[in-house]
Amino acid sequence: MPAVWATLNQSDIESIEVLKDAASAAIYGTRAATGVILVTTKKGKEGKLSVSYNGFFGSSSPSKVLKLLNASQYATLLNERSVAGGGNLIFPSVDLGTGTDWQKQIFNYGALRNSHELSVSGGSSTSTYYASVGIQDQEGIVASDISNYNRKSIRLNSTHKISKIFTFGQTLGYSNQKAVGIGATDEFGGVLSSAINLDPTTPLVVTDPALAAGAPYNSNPVIRDENGNPYGISTLVGQEMRNPTAFIQTRLGAFDWGDDIVGNAYLEAAVHKNIKIRSTLGAKKAYWGGQGFSPVFYLSATTSNLQNSYSKGENKVFNWNVENTVTYNNTFGDHQLTVLLGQGAYVENIGGGLGVSLLNLPVNSYKDASFNFDIPATNRIASPFDMTEHKLISLFSRLNYNFKEKYLFTGIIRRDGSSRFGGNNKFGVFPSVSFGWVVSNENFWKNGVSPKIITNLKIKGGIGVVGNDAIRDFGYLSTVAGGFNYALGNSGVIRTGYAQTSLDNPDLRWEETSQKNIGFDAELFSNFNLNVDLFQKSTSGILRPIPIPGYVGVSSAPVGNIADMDNTGIEIELGYKNKIGDLNISANGSMAYLKNEVTLVASDANFIPGDASFQSMGTITRTAVGQSYNTFYGFKTNGIFQNEAEVSAYKNKDGGLIQPNARPGDFKWTDIDGDGKINDSDKTFLGNNLPKYTFGFTLNLDYHGFDLMLFTQGATGNKIFQGLRRLDIGNSNFQTKALSRWTGEGTSNSFPRLVSNDPNGNFGRMSDFYLEDGDYARLKLVQLGYTLPGNVSGKIGSSRIRLYLTGENLLTLTKYTGYDPEIGGGVFGIDKGFYPQARSFIGGVQVNF
């Protein structure tokens, strides 16, 4: 079942296996479209009762903060910007000191976290069991009052030998989660965005009685601190930017919650020594929702709430699946054969939800809010909804063949049908084959010299296809919805009615990903393990909305198979294991290279508008043939005009100025199409947001009870769009790199002048100015442990006691100027204010009885 992580304790996991190639993942069908992670949870073992405890306490802090202008620097740059645009000085004096450090106000440098996990296991020759409970608490490093997480979980796994023929087993996990979040984490008014963009000249709270007695503090429901002082309201930076500490007060008491029950049960019958029949039933029941109170408040002229509201949302969903398989396993001399035949059915999204809001409660604090208040019906708002069920049915088979442990073959074929496609293409057939040749088991190898160097060698390869139906429901139909206004008759009376919302596509079909891979596994000198895989992954018929002009008259873009894409690359992993005296050493390094390229776009324009946009710039990525998916797209800079002579010299073939609005200090834009003017035709591809290389390294040492584990990771060859500053709010604060702006000839060739009206579009245009190298190397984890001697732990009846200290995200080497170069999300590499990763220090203990 998907989304089981919430029900798992770290100590519940026996192993994790990642299936990357289509040949091995194909048996899982459409669920394998983006890869497969196999998580095996622990099971009980025959023998005495075993009890284990793993717990830790720790503290987290931001691993990095931005370098922003202080009040004096800010005043200097704003004066310069205003005067350059023909305005007056904004600050008569720039000697304002450091001002308010908004990041310091929202970051918690001692955010606490703890975790406790307890498990018991055991069993007999007929039944085994494993049970666990866990609890964890974690404060967020940003605005901890409205950023924290709590989870409680319970798990029970068991296996029972009912008879000589029948075996029954089950896994069941439950978790309760409560999360308090900071809200938006983008450029539009979140806590982080406000702390970055708000001017440092605005005070945290207003303590001057004369100022507090004037507008806007004396005529609006402003937020006040515990001493009655109003939180400062900026007169320079408006729109969604607001005092983050005041904003925090408006979100107190809000939380999201979730209850997840995930489990499966199987019954297996060994009807013959070579034949087993298994039926597996899996299910997930989830309840989730949230509630919060929004008081009456005034944060700025554009952010206020004049009536309070108390809202609650509750949702529930039930997913289930059933699989029935028959497995035949036999050995004929040197031949070993396993054949599996199976049938499956999978149903998701059985359920719905309800949201309720009460307006104008007779209180103005979340502590006093209640849904039991007698509120007029006009102030009660309800919004129920039903989910759309997603159904899959499947037939699948697999054949495994092994000859003398030399020649290995696996063949898989699967037929899936999805409710998201119409009758024309409801079903898809997805085959795969893989092979292996264990060369080191051949006689010619054993009798040769090579085994002294290469003690084990396996050549492997495969090709396979998996399908993907990750598109909205009923995309093949032209759906109708209500809520559209019509003017009927001569009187022009407005009526609400129904209308077509999208266009149909009866030929909508499965997105297919085929992957070819070849490589080898080798053991060298008995201590080294080398794995090499070359792969080509081709995706055809990518499912996504089809761009259409607005005059078509539908509110939702139709969906279709409108692009193809290739991913080619190589993965290399080298491991080393040895024992030198009493020192055990294990080291593992990996490196991967990836080239992503779009090979087909089914569009008359030969491109698809990007999936990422930024403020007034519009879309900042584009998908086109020959480029990677969602490549950055915009204007290319060619330095900065240093003087009027350079501006005048940048002319077209007719002698006219290519940039007539430019002045010294402005960007020189590259005239890509050579037409002698700068417009949208001069936009070009600027860089890839996907890393070209990724790498990692793990080291494990063990010596006389002490153990050390170190893990590093990194990536290189990608760009990040650094969009932390609001472009449409001219007075937003800058990072300190703005101090290196152009102020005269020769002062800068990379950061343009500051001018209030920005006539050259230095900051308003999407360009390579906003792109930074995403290269980084990070010391992700360091753990030092010590296992007490047996005679010490035995005094309390323990078989093992281990103490450990852990450091997370201790060091990051990068030139990226944002919080974190690991930028995920819907489109990789777009940083609008992602919640930064924390640096943590943890101390814990593991005890076994």
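The present account deals with the structure reproduced in this document.

Conventions we followed
- Residues numbered from 1 in each chain as written.
- Predicted model: local features only at pLDDT ≥ 70, side-chain atom pairs only at ≥ 80, totals over all residues.
- Heavy atoms only, no water.
- Helix = DSSP H or I, 4+ residues; strand = E, 2+ residues; numbered from the N terminus.
- Rg over C-alpha atoms; globule rule 2.2 N^0.38 Å.
- Contact = heavy atoms within 4.5 Å.
- Areas by Shrake-Rupley, 256 points an atom, 1.4 Å probe, with all protein chains shown as cover.
- Pairing = 2+ DSSP bridges.
- Axes fitted to C-alpha atoms, helices over the stretch in contact; angles between N-to-C directions.
- Salt bridge = Lys/Arg side-chain N within 4 Å of Asp/Glu carboxyl O.
- Buried < 20%, exposed > 50% of the residue type's maximum accessible area, 1.4 Å probe, protein only.
- Polar contact = N/O pair within 3.5 Å; in protein donor to acceptor, adjacent residues only side chain to side chain.
- Phe/Tyr/Trp six-rings, centres within 6.5 Å; stacked < 30°, edge-to-face > 60°.

A tally of helices and strands in the protein chain yields nine helices and 40 strands. Taken over the C-alpha trace, the protein chain has a radius of gyration of 31 Å; the compact-globule value for 849 residues is 29 Å, and the two agree within 12%. Long-range pairs, those at least 24 residues apart, make up 70% of the contacts in the protein chain with a sequence separation of at least 6. Taken as a whole, the protein chain presents about 40900 Å² of accessible surface, with 56% of it coming from carbon and sulfur.

With that settled, the discussion passes to the sheet that holds strand E28 (residues 621-624). The strand order E27-E28-E29-E32 describes an open sheet built from four strands, whose pairing is antiparallel. Here the strands that pair on one side only, and so sit at the sheet edges, are strand E27 (607-609) and strand E32 (684-687). Going from strand to strand, the sheet's axes swing by 45° on average, the running direction of each strand aside. With three bridges connecting them, strand E29 (residues 631-634) and E32 associate as antiparallel partners. Paired with Phe632 across the bridge in E32 is Gly687.

Take the pattern of salt bridges next. Pairing is possible between side chains that carry opposite charge, provided their charged atoms lie close to one another. All chains considered together, the criterion is met by 24 salt bridges. A salt bridge links Asp334 to Lys404; the nearest nitrogen and oxygen atoms lie 3.7 Å apart. One end of the pair, Asp334, is in the loop between strand E12 (309-332) and strand E13 (335-359); the other, Lys404, is in the loop between strand E15 (390-403) and strand E16 (407-418), and 70 residues separate them in sequence. With a relative accessible area of 40%, Asp334 lands in the partly exposed category. Since its relative accessible area comes to 40%, Lys404 is described here as partly exposed. By sharing partners, the salt bridges in this structure join Arg778, Lys780, Asp820 and Glu822 into a single network.

As a further point, take the side chain of Thr41. Here Thr41 lies in strand E2 (residues 36-41). Owing to a relative accessible area of 11%, Thr41 belongs among the buried residues under this scheme. A polar contact is formed between the side chain of Thr41 and the side chain of Asn157, at a distance of 3.0 Å.

We now examine unusual backbone geometry. If a residue is not glycine, its phi is most likely negative; likewise, a peptide bond is most likely trans. Residue Pro216 is bonded to the preceding Ala215 through a cis peptide linkage, with omega at 0°. Structurally, Pro216 can be placed in the loop between helix H5 (209-212) and helix H6 (244-250). Despite not being glycine, Phe525 shows a phi value in the positive range, around 55°. Its location among the elements puts Phe525 in the loop between strand E21 (511-524) and strand E22 (528-540).

Tracing the sequence through the fold places Lys537 in strand E22. Sequence spacing of Lys537 and Asn596 is 59 residues, and the spatial spacing of their C-alpha atoms is 9.4 Å. With sequence-adjacent residues up to four places away left out, Lys537 is seen in contact with Thr513, Ser514, Gln515, Met565, Asp566 and Asn567.

As enumerated under the stated definition, the model contains 21 aromatic pairs in all. Arranged with centres 5.8 Å apart and planes meeting at 55°, the rings of Phe635 and Trp669 form a pair that is tilted. One end of the pair, Phe635, is in the loop between E29 and strand E30 (637-640); the other, Trp669, is in strand E31 (residues 667-669), with 34 residues separating them in the sequence. Residue Phe635 shares its accessibility class with Trp669, and that shared class is buried.

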